[in-house]
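What the coordinates show
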Amino acid sequence: MSPRVRAPLLLVLVLLVSSPGPAHAEEDPVGVWPLRPEPEVVARFDPPATPYGAGHRGVDLAGTAGQRVHAALPGTVRFAGRLAGRGVVVVSHGDTRTTYEPVEVSVEVGEDVARGAPIGSLELVGSHCFPRACLHWGWLRGETYLDPLRLVGRGPVRLLPLWREVPVRAPGPWAPSSVRLGLSRL
Ligand SMILES: [Zn+2]
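With an unreviewed UniProt entry as reference, the chain is termed M23 family metallopeptidase, source organism Nocardioides vastitatis.

1. A few points about the packing of aromatic side chains
On inspection of all chains with the given rule, the structure shows one aromatic pair. When the ring of Trp-33 is compared with that of Trp-137, the centres are 6.3 Å apart and the planes differ by 45 degrees; the resulting orientation is tilted. Placement of the pair is Trp-33 in the loop between helix H1 (3–18) and strand S1 (41–43) and Trp-137 in strand S10 (residues 134–141), with a sequence separation of 104 residues. On the accessibility criterion, Trp-137 (0% relative accessible area) is buried.

2. Details of the state of the cysteines
In total, this model carries one disulfide according to the counting rule given. The disulfide bridge from Cys-129 ends at Cys-134, spanning 2.1 Å between sulfur atoms. The sign of the S-S torsion, about 90 degrees, decides the handedness of the disulfide formed by Cys-129 and Cys-134: right-handed. As far as the burial class goes, Cys-129 and Cys-134 line up, both buried.

How each quantity is defined
- Residues numbered from 1 in each chain as written.
- Predicted model: local features only at pLDDT ≥ 70, side-chain atom pairs only at ≥ 80, totals over all residues.
- Heavy atoms only, no water.
- Phe/Tyr/Trp six-rings, centres within 6.5 Å; stacked < 30°, edge-to-face > 60°.
- Helix = DSSP H or I, 4+ residues; strand = E, 2+ residues; numbered from the N terminus.
- Buried < 20%, exposed > 50% of the residue type's maximum accessible area, 1.4 Å probe, protein only.
- Disulfide = S-S within 2.5 Å.

Right under this line is the structure:
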């Protein structure tokens, strides 16, 4: 991307981040990476078109077996145990929840956790990247899967026309990729 194109895009991003008003309440919560240091994203979010459709209902973060896993947001542990042979932790945050797997859990259901609190350690069994270890990190509102990278400012960014005073939600977070732009590509 040429510098001439990049400058207006950055301006739009700055306006989005700094714009006050009604749109502010809909901004994503600010979370932390579940792995430290900041992990490599080895598989991106690819939401299914239908509830049982193919896709990737989260992102995969490269890690090492035994590495500590942290809660991305403050919340309450809703599930901590084994599902289909792999350890899973689910933390609720108001109307959304984050999921972490495969994890050897170190928390209990009902426990309140702070942002960044340890919730377990990364397992190899059940890895989406087997034989490599990686953390599958999910984010849901109800039954709708969201891109967890939004919690760390790496999700799709809506590009809005500069002449609008109030950002509009359309075309929504799952607009065609032509109108989405990952921050990492800047
Ligand atoms: Zn995965």
